[in-house]
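# Structural characterization, general
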Amino acid sequence: MSGLPPDDVLADYLAQELRPDPNRAQGLLRMLAAVRQGQRDRWDVTGETWSLELNRARASIHSEVAIPGRSQDLPLEEFEDAIRSWAEFMELSRAF
């Protein structure tokens, strides 16, 4: 999966870190809820190829290995919508 810049970062993050694993997406949604509800001020997630910084305002995705310096910032709500859509897409894909 790959998108056009700047959304290629988000597309690569979803494909490489969340993969077609609904448990990963659900875990990330729980993290997002904790940050959004103020249970945590921020959450830093280091993945295999991408790192993710979450705070109440935004999500920042940064490349760890692929292309250093490649990153994307999104409003937290937009990032959460993308994760929900990814999880729904993965669930539909498993149904077939």
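Attention in this report is confined to the structure presented alongside it.

### What to know about the pairing of strand β1 (residues 42–46)
As paired strands, β1 and strand β2 (residues 50–55) are joined by five bridges and run antiparallel to one another. Looking across to β2, one finds that W43 is bridged to L54. Counted along the chain from β1 to the antiparallel partner β2, the turn is three residues long.

### Let's talk about the nonpolar core
Among the nonpolar cores identified, the biggest contains 24 residues, and Y13, L28, L54, I61, F79 and I83 are the most heavily contacted of them. Of all the secondary structure elements, the ones that give two or more residues to this core are α1 (7–18), α2 (22–36), β2, β3 (58–63) and α3 (76–95). Ranked by residues supplied to this core, first place goes to α3 with seven residues. In contact with Y13, not counting residues within four places along its chain, are L18, L28, W50, L52, I61 and F79.

### Quick notes on the pattern of salt bridges
Evaluation of the coordinates by the stated rule reveals nine salt bridges. Here D12 makes a salt bridge to R70, at a shortest N to O gap of 2.6 Å. With a gap of 58 residues between them, D12 in helix α1 and R70 in the loop between β3 and β4 (71–75) connect regions that are remote in the sequence. Where R84 meets E80, a salt bridge forms, and the shortest distance between an N and an O atom there is 3.0 Å. A residue pair is termed a helical-turn pair when its members lie 3 or 4 positions apart in one helix, as R84 and E80 do in helix α3 at four residues.

Cut-offs applied
Residues numbered from 1 in each chain as written. Predicted model: local features only at pLDDT ≥ 70, side-chain atom pairs only at ≥ 80, totals over all residues. Heavy atoms only, no water. Pairing = 2+ DSSP bridges. Helix = DSSP H or I, 4+ residues; strand = E, 2+ residues; numbered from the N terminus. Core = buried A, V, L, I, M, F, W, Y, C linked by side-chain atoms within 4.5 Å. Buried < 20%, exposed > 50% of the residue type's maximum accessible area, 1.4 Å probe, protein only. Contact = heavy atoms within 4.5 Å. Salt bridge = Lys/Arg side-chain N within 4 Å of Asp/Glu carboxyl O.

Limitation: the analysis is restricted to geometry and does not speak to function.
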